[in-house]
Amino acid sequence: MASLNVGNLGEYLRDQRRQAQLSLRQLADAAGVSNPYLSQIERGLRKPSADILQQLAKALRISAETLYVQAGILDERDRDEVETRAVILSDPSINERQKQVLLQIYDSFRRENALDTEAAADAAPGPAADSGAIADDGDLPPKN
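Rules used throughout
Residues numbered from 1 in each chain as written. Predicted model: local features only at pLDDT ≥ 70, side-chain atom pairs only at ≥ 80, totals over all residues. Heavy atoms only, no water. Axes fitted to C-alpha atoms, helices over the stretch in contact; angles between N-to-C directions. Helix = DSSP H or I, 4+ residues; strand = E, 2+ residues; numbered from the N terminus. Parallel < 35°, antiparallel > 145°, perpendicular 65-115°, else oblique. Left-handed = near helix turned anticlockwise from the far one by under 90°. Contact = heavy atoms within 4.5 Å. Nonpolar A, V, L, I, M, F, W, Y, C, P; charged D, E, K, R; others polar. Buried < 20%, exposed > 50% of the residue type's maximum accessible area, 1.4 Å probe, protein only.

Draft legend 1. Local environment of the packing of helix H2 (residues 24-31) against helix H4 (residues 50-60). Where H2 contacts H4, the two axes come as close as 8 Å, and the packing angle between them is 115°. The pairing of H2 with H4 is recorded here as roughly perpendicular in orientation. Viewed along their axes, H2 and H4 form a crossing whose handedness is right-handed. Across from Leu27, Ala30 and Ala31 in H2, the residues of H4 making contact are Gln55, Leu56, Ala59 and Leu60. Here the contact of H2 with H4 is built from residues that sort into six nonpolar, one polar and no charged.

Draft legend 2. Region of the structure containing the environment of Ala64. Positionally, Ala64 belongs in helix H5 (residues 64-71). Residue Ala64 is classed as buried on the basis of its relative accessible area, which comes to 12%. Spatially, the C-alpha atoms of Ala64 and Asp51 are 9.3 Å apart, while their sequence positions differ by 13 residues. With sequence-adjacent residues up to four places away left out, Ala64 is seen in contact with Gln54 and Ala57.

Draft legend 3. View of the packing of H4 against H5. The interhelical angle for the contact between H4 and H5, taken along N-to-C directions, is 130°, at an axis separation of 8 Å. Classified by the angle their axes make, H4 and H5 are oblique. Pair H4 / H5 crosses with right-handed handedness. Facing Ala50, Leu53, Gln54, Leu56 and Ala57 of H4, the residues of H5 in contact are Ala64, Leu67, Tyr68 and Ala71. Its residues placed into classes, the contact of H4 with H5 shows eight nonpolar, one polar and no charged.

Here it is, written out as structure tokens:
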């Protein structure tokens, strides 16, 4: 597992809390954590568990995956997908049902593109086919 980057997580949490126009105490109450503990997380002094991050994400109305990336729990290569989801989930101009529909469409496109990529890879000729050589699988006798 990756090491936690608590400093960046704290800054990110503070920014999200301020954007949500919540005081430290309000967020702590909404997430079910103590005010001092949340303060320590924001200052980079504590490493919260994935469960605590999930509670904070729910209270902030952002995806838990976004916090996992910030904390170094989720691999960086998944960041684009996580950020796309976070933007959709944090958009105040659409309602919850519309957000869920958009996420379903997004997932559908990702699955479709993954299948297309796999099909293209399966259909592509391998190195043996490119060179005109026939692979020797050991079943044929050697030629003289």
